[in-house]
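# Fold and contact review
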Amino acid sequence: MPEADASEAQKNYHLDVPQTSDAFFLKGSNCYDWGFKNRLARIFNPASGKTVMLAFDHGYFQGPTTGLERIDVSILPLAPHADALMLTRGILRSIIPPTVRNSVVMRSSGGPSILRELSDERIAVDVEDAVRMNVAAMAVQVFIGGENETQTVHNMTRLVDAGNRFGMPVLGVTAVGKELTRDARYIGLATRICAELGAAFVKTYFVPGFETVTAACPVPIVIAGGKKLPELDALQMARDAIDQGASGVDMGRNIFQSDAPAAMIEAVRGVVHDGMGAAAAHELYETLKAERDG
Ligand code: R5P
């Protein structure tokens, strides 16, 4: 027989404390199930509502990208500075130790290399395998206005359906083809379509007039870094994006191609999570870089 429980007189029901039922902290994300929200809360820091995702999935179409030749050497040491790692399943299983504390956002579309028509992608990861790898979200590229627009939108909507069965958020990534103008009108169109068709959050490029893009998109937006810029310019872009409604960054080359990647990602964290201005964050970058070199 188990020991008898305490008597009613010894119990404390905290009758003066009403149970709270808070709204979920992320824009447009209140109606998901527990596992879905838990995954999002592993990507976005509930304290700041923002995320610093480290993107190093570029090899899925362009092979050993500059700075990513040896992910074990150059990227693994950066993992403790990131909230989420954006990568491919091959790199996860071959390089990333299962002891990392980061959430994983997995590149889940692919097919063509840089030698072919890039928009001709298919779904590249089954949601069951993503669950097996404890992934927090699956990312799929959508080429609005591109040659394979419908096919890539269909890739996303099929993943959204599969993901919903398992509580798995889908990140819609808006790709920009050579022939498409990268402006607020286009980015607003592409991000809104991703959200309307079920993406839980969207990744896109920062453009002038970005506040109209975030205003019209009912789910969180994170910005890609794009081509390597001088550190101060990249930090200013992150600052402007956050000020104009972005919920974080998914940055690759501007971190791993920096002269001091660990210092750079810390500076980006300062902007995204701590409200630092670009100049102050750049000063932090220079200080950390000097400490490393000192
Ligand atoms: C492209 O290969 C991927 O979608 C990257 O994750 C994305 O472009 C972000 O990386 P970057 O900041 O280097 O543009």
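What comes next concerns the included structure. (Residues numbered from 1 in each chain as written. Predicted model: local features only at pLDDT ≥ 70, side-chain atom pairs only at ≥ 80, totals over all residues. Heavy atoms only, no water.)

This paragraph deals with the overall build of the protein. When its secondary structure is counted, the protein shows 12 helices and 10 strands. Rg of the C-alpha trace for the protein: 21 Å, near the compact-globule value of 19 Å for 294 residues, within the 12% margin. Principal-axis analysis of the C-alpha atoms gives the protein an extent of 75 × 50 × 40 Å. Counting contacts in the protein only where the partners sit at least 6 residues apart, residues at least 24 apart contribute 66% of the total. Accessible surface, the protein as shown: approximately 14400 Å² in total, 52% of it carbon and sulfur. (Helix = DSSP H or I, 4+ residues; strand = E, 2+ residues; numbered from the N terminus. Rg over C-alpha atoms; globule rule 2.2 N^0.38 Å. Contact = heavy atoms within 4.5 Å. Areas by Shrake-Rupley, 256 points an atom, 1.4 Å probe, with all protein chains shown as cover.)

With that settled, consider the site of the ligand. In the region of the ligand, 13 residues are neighbours, and Asp 57, His 58, Lys 203, Gly 252 and Arg 253 sit closest. The separation between an oxygen atom of the ligand and a polar side-chain atom of Asp 57 is 2.5 Å. Measuring from an oxygen atom of the ligand, one finds a backbone N or O atom of Gly 252 at 2.8 Å. Contact with the protein chains removes 96% of the 370 Å² of surface that the ligand exposes when unbound. Taken together, the residues of the shell around the ligand break down into four nonpolar, four polar and five charged. (Near = heavy atom within 4 Å. Polar contact = N/O pair within 3.5 Å; in protein donor to acceptor, adjacent residues only side chain to side chain. Nonpolar A, V, L, I, M, F, W, Y, C, P; charged D, E, K, R; others polar.)

This part covers the nonpolar core. Among the nonpolar cores identified, the biggest contains 68 residues, and Leu 54 and Phe 56 are the most heavily contacted of them. Among the elements that line this core, the one with the most residues is helix H11 (residues 261-274), at seven residues. Core analysis: the second largest hydrophobic core is formed by 19 residues, Leu 26, Phe 36, Phe 44 and Val 105 among them. (Core = buried A, V, L, I, M, F, W, Y, C linked by side-chain atoms within 4.5 Å. Buried < 20%, exposed > 50% of the residue type's maximum accessible area, 1.4 Å probe, protein only.)

On to the packing of helix H9 (residues 231-243) against H11, then. Where H9 meets H11, the closest approach of the two axes is 9 Å, and the angle between their N-to-C directions is 25°. Judged by the angle between their axes, H9 and H11 are roughly parallel. Considering how the two elements wind past one another, H9 and H11 form a crossing that is right-handed. Mapping the contact onto sequence places Glu 231, Ala 234, Leu 235, Ala 238, Arg 239 and Ile 242 in H9 and Met 264, Ala 267, Val 268, Val 271 and Val 272 in H11. Here the contact of H9 with H11 is composed, by residue class, of nine nonpolar, no polar and two charged. (Axes fitted to C-alpha atoms, helices over the stretch in contact; angles between N-to-C directions. Parallel < 35°, antiparallel > 145°, perpendicular 65-115°, else oblique. Left-handed = near helix turned anticlockwise from the far one by under 90°.)

The next subject is the pairing of strand E8 (residues 201-204). By the alternation rule, side chains of E8 split into Phe 201 and Lys 203 and Val 202 and Thr 204, which are all buried. Bridge analysis of E8 against strand E9 (residues 221-224) gives three bridges, and the strand direction is parallel. Note that in E9 the partner of Lys 203 across the bridge is Val 222. (Pairing = 2+ DSSP bridges.)

Moving on, we get to the sheet that holds E8. Strand order in the closed barrel made by the eight strands is E1-E2-E3-E6-E7-E8-E9-E10, with parallel pairing throughout. On average, adjacent strands in this sheet sit at an angle of 25° to one another, irrespective of strand direction. Relative to strand E10 (residues 248-251), strand E1 (residues 51-55) runs parallel, the two sharing four bridges. Bridging from a neighbouring strand, Thr 51 pairs with Gly 248 of E10. Lying on the sheet, helix H7 (residues 184-196) is in contact with strand E6 (137-142), strand E7 (170-174), E8 and E9; it crosses E8 at an angle near 155°.

The subject of this paragraph is the packing of H9 against helix H12 (residues 278-293). Across the interface, H9 lies against H12 with an axial gap of 9 Å and an inter-helix angle of 135°. With respect to H12, the element H9 is oriented oblique. Helix-helix and strand crossings are classified by hand; for H9 and H12 the assignment is right-handed. In contact with Glu 231, Leu 232, Leu 235, Gln 236 and Arg 239 of H9, H12 contributes Ala 278, Ala 279, Ala 281, His 282 and Tyr 285. Looking at the contact of H9 with H12, its residues break down into six nonpolar, two polar and two charged.

What follows covers the environment of Gly 59. Mapped onto the elements of the fold, Gly 59 is located in helix H2 (residues 59-62). Taking the C-alpha atoms as reference points, Gly 59 and Ala 234, 175 residues apart in sequence, are found 22 Å from one another.

Okay, the pattern of salt bridges next. Summed over the entire model, instances satisfying the criterion amount to 14 salt bridges. We note a salt bridge from Glu 196 to Arg 192, for which the minimum N-O separation is 2.6 Å. With Glu 196 and Arg 192 both in helix H7 and four residues apart, the pair spans about one turn of that helix. Connected through salt bridges with shared partners, the residues Arg 89, Arg 93, Glu 128, Asp 129 and Arg 132 form a single ionic network. (Salt bridge = Lys/Arg side-chain N within 4 Å of Asp/Glu carboxyl O.)

Within the element layout of this structure, Val 268 appears in helix H11. Using a relative accessible area of 1% as the deciding quantity, one classes Val 268 as buried. For the pair Val 268 and Gln 236, spaced 32 residues apart in sequence, the C-alpha to C-alpha distance is 9.6 Å. Residues contacting Val 268, with those up to four places away along its chain left out, are Val 52, Leu 235, Val 249 and Met 251.

Taken by themselves, the reported measurements are silent on function.
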